[in-house]
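# Structural overview for review
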Amino acid sequence: MKDMYILGIESSCDETSFSIVKNGKEEIATVISSQIDIHKEYGGVVPEIASRNHVKNVTIVLEECLEKANMTMDDIDAIAITYGPGLIGSLLVGLEAAKTLAYLFNKPLIPVHHIAGHIYANSLVSNLEFPLLAIVLSGGHTEIIKMTDHYKFEKLGGTLDDAIGECYDKVARVLNLEYPGGPKLDKMAHEGYPNYKLPVPLNDDSYNFSFSGLKSAVINLAHNEEQRGNELDKNDLAASFQKVAVESITNKVRKAINDNDIKMVIVAGGVAANSAVREEMTKLCEEQKVKLSIPDLKYCTDNGTMIAAAGYYAYLDGRRADLRLNSKSQDKLA
Ligand code: KG4
Ligand code: ZN
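Heads up: these notes are all about the structure in this document.

Conventions used here
Residues numbered from 1 in each chain as written. Chains lettered and ligands numbered in written order. Predicted model: local features only at pLDDT ≥ 70, side-chain atom pairs only at ≥ 80, totals over all residues. Heavy atoms only, no water. Pairing = 2+ DSSP bridges. Helix = DSSP H or I, 4+ residues; strand = E, 2+ residues; numbered from the N terminus. Axes fitted to C-alpha atoms, helices over the stretch in contact; angles between N-to-C directions. Buried < 20%, exposed > 50% of the residue type's maximum accessible area, 1.4 Å probe, protein only. Expected span 1.5 Å × (residues − 1). Bend = angle between axes of the 7 residues up to and from the residue. Donors = N, O, S within 2.8 Å, 3.2 Å for Na, K, Ca; no water. Tetrahedral: all angles 85-135°; square planar, octahedral: opposite > 155°, others 65-115°. Lys, Arg positive; Asp, Glu negative; His and termini not counted. Salt bridge = Lys/Arg side-chain N within 4 Å of Asp/Glu carboxyl O. Near = heavy atom within 4 Å. Polar contact = N/O pair within 3.5 Å; in protein donor to acceptor, adjacent residues only side chain to side chain. Areas by Shrake-Rupley, 256 points an atom, 1.4 Å probe, with all protein chains shown as cover. Nonpolar A, V, L, I, M, F, W, Y, C, P; charged D, E, K, R; others polar. Domains from an automatic or database assignment. Parallel < 35°, antiparallel > 145°, perpendicular 65-115°, else oblique. Contact = heavy atoms within 4.5 Å.

On the basis of which strands lie adjacent, the open sheet formed by five strands has the order S3-S2-S1-S4-S5 and mixed pairing. At either end of the open sheet lies a strand with only one pairing partner, and these are strand S3 (26–34) and strand S5 (109–113). Between one strand and the next, the sheet's axes are offset by a mean angle of 20°, whatever the strand orientation. By the bridge criterion, four bridges tie strand S1 (residues 5–10) to strand S4 (residues 78–84) in an arrangement that is parallel. Counterpart to Ile 9 in the pairing with S4 is Ile 81.

Here the amide bond leading from Gly 84 into Pro 85 is cis, since omega sits at -10°, within 30 degrees of zero. By secondary structure assignment, the location of Pro 85 is in the loop between S4 and helix H3 (88–105). Across the junction of Phe 130 and Pro 131, the peptide omega takes the value -5°, indicating a cis bond. Here Pro 131 shows up in the loop between helix H4 (114–120) and strand S6 (132–137). Positive phi, close to 55°, is recorded for Lys 289, a residue that is not glycine. Mapped onto the fold, Lys 289 is located in the loop between helix H9 (275–288) and strand S10 (291–293). You can call Lys 289 exposed: its relative accessible area is 75%.

The end-to-end C-alpha distance of helix H2 (residues 47–69) is 31 Å, a good match for the 33 Å that 23 residues give at a rise of 1.5 Å each. Of all the bends found along H2, the most pronounced is centred on Asn 57 and spans about 40°. All of the buried residues in H2 are Ala 50, Ser 51, Asn 53, His 54, Asn 57, Val 58, Val 61, Leu 62, Cys 65, Leu 66 and Ala 69. Taken from the residues just after H2, Asn 70 is the one with a positive phi, measuring 55°.

In this section: the coordination of the zinc ion (ligand 2). Around the zinc ion (ligand 2), the protein contributes the donor atoms His 114 (NE2), His 118 (NE2) and Asp 302 (OD), at 2.0 to 2.1 Å from the metal centre. For the zinc ion (ligand 2), the four donor atoms are set out with angles of 96 to 130° between them, so the coordination reads as tetrahedral. When the donor residues of the zinc ion (ligand 2) are listed from N- to C-terminus, their spacing reads H-x3-H-x183-D. Within this pair, whereas His 114 is found in helix H4, its partner Asp 302 is found in the loop between helix H10 (297–300) and helix H11 (304–316), the two being separated by 188 residues in sequence. Asp 302 gets classed as buried once you look at its relative accessible area, which sits at 15%.

For Lys 146, the position within the fold is in strand S7 (residues 142–149). An unpaired buried charge is present at Lys 146: no salt bridge exists, and Glu 154, the closest side chain of opposite charge, is 4.8 Å distant.

Close to ligand 1 lie 19 residues; His 118, Gly 139, Asp 169, Gly 270 and Asn 274 are nearest. Interatomic distance of 3.3 Å between a backbone N/O atom of Gly 182 and an oxygen atom of ligand 1. Within the side chain of Asn 274, a nitrogen or oxygen atom sits 2.9 Å from a nitrogen atom of ligand 1. Against a free-state accessible area of 560 Å², the protein chains account for coverage of 87% of ligand 1. Considering only residue class, the shell around ligand 1 consists of five nonpolar, 11 polar and three charged. Lining the shell around ligand 1 are residues from two domains, each supplying at least three of them: domain 1 (5–121 + 299–316) and domain 2 (129–294).

Between helix H6 (residues 181–189) and helix H8 (residues 234–259), the least distance of the axes is 7 Å, while the angle of their chain directions is 105°. As far as their axial angle goes, H8 and H6 are roughly perpendicular. Contact residues: H6 offers Leu 185, Asp 186, Met 188 and Ala 189, while H8 offers Lys 234, Asn 235, Ala 238, Ala 239, Phe 241 and Gln 242. For the contact of H6 with H8, the per-class residue count stands at six nonpolar, two polar and two charged.

Time to look at the environment of Ile 81. Here Ile 81 shows up in strand S4. Look past the residues within four positions of Ile 81 in its chain and what remains in contact with it is Ile 9, Gly 94, Leu 95, Ala 98, Leu 109, Ile 110, Pro 111, Val 112, Ile 307 and Leu 325.

As structure tokens, then:
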């Protein structure tokens with residue numbers, strides 16, 4: 001088969017990103033325009049402001065990406081677009097750009113689920129070996145997905161309430177850290193010791209997770225210490241929270257490896273950038289003698305590269321969309 005260059009477009013939250021990837025594996029050029037500095041002062045992403053900034057950025061990011069790749073739209077074989085899930089206004093800006101380009105330049109349009117994108121960030125660094133477990137840890141998702149082949153997803157379990165990234169960000173707010181608090185909390189955890197006792201949530205036989213109880217336990221602990229006039233050791237609290245949150249994930253992944261005939265574990269999503277997740281998953285996979293893939297830090301959070309990579313395998317799986325494709329704020333991968 002001839003080489004295939006896919007233009008990937010991501011705009012589901014607060015990053016406008018275009019990327020060109022060759023054969024689902026080789027990054028040619030990526031441009032990401034992040035709005036973090038704009039949303040920081042509100043303590044989280046404001047959907048309306050996010051959509052308006054996508055509108056401002058979308059053509060500039062596209063032009064920059066083509067320029068960086070030294071390519072024109074004639075060199076592109078197909079366009080992969082995140083159709084959902086995400087913020088509807090933000091998604092629609094990327095989708096309209098993708099449809100316009102597909103129509104103008106007569107290119108196939110490939111619909112990509114945002115989580116498939118996070119999962120396929122791994123194909124940029126590893127050869128995927130099936131059956132595998134994809135551990136999706138992001139701001140909106142916490143799921144264990146079994147894949148028996150490319151683009152064959154089966155959900156084994158997921159969070160019953162908050163996602164892990166959401167929990168990190170909410171706990172970070174209690175510690176007065178700026179949005180997005182997850183990475184800052186991760187850093188603080190390294191400065192402290194896990195001296196505070198917190199319960200490991202949903203320590204049962206399922207593949208599910210629950211993080212809202214853990215979040216409440218941290219908030220209550222902080223308030224109680226304050227009311228008692230005790231000084232809260234924020235670094236210790238961060239270390240205690242991180243230990244329990246990551247232990248909850250590795251417990252369930254261990255069970256899923258044991259119950260299924262798994263060759264490889266791949267980690268995906270923004271929280272795959274977490275240092276304890278990376279460390280503990282490495283230990284677990286060594287102990288279980290399965291291969292492990294974790295994307296480079298730059299591919300963990302939202303980007304067009306992962307969408308272009310997923311788009312390649314979606315294309316091989318025969319997935320195409322026409323100009324009636326619509327964005328979906330919510331949609332199940334499996
Ligand atoms: O995957 P992502 O970019 O967005 C979604 O699709 O949801 O993930 C963003 C999330 C945020 O909640 C952010 O705080 C978290 O990933 N995050 C981290 C770290 N880096 C990013 N959480 C904990 N530790 C980190 N190092
Ligand atoms: Zn994401």
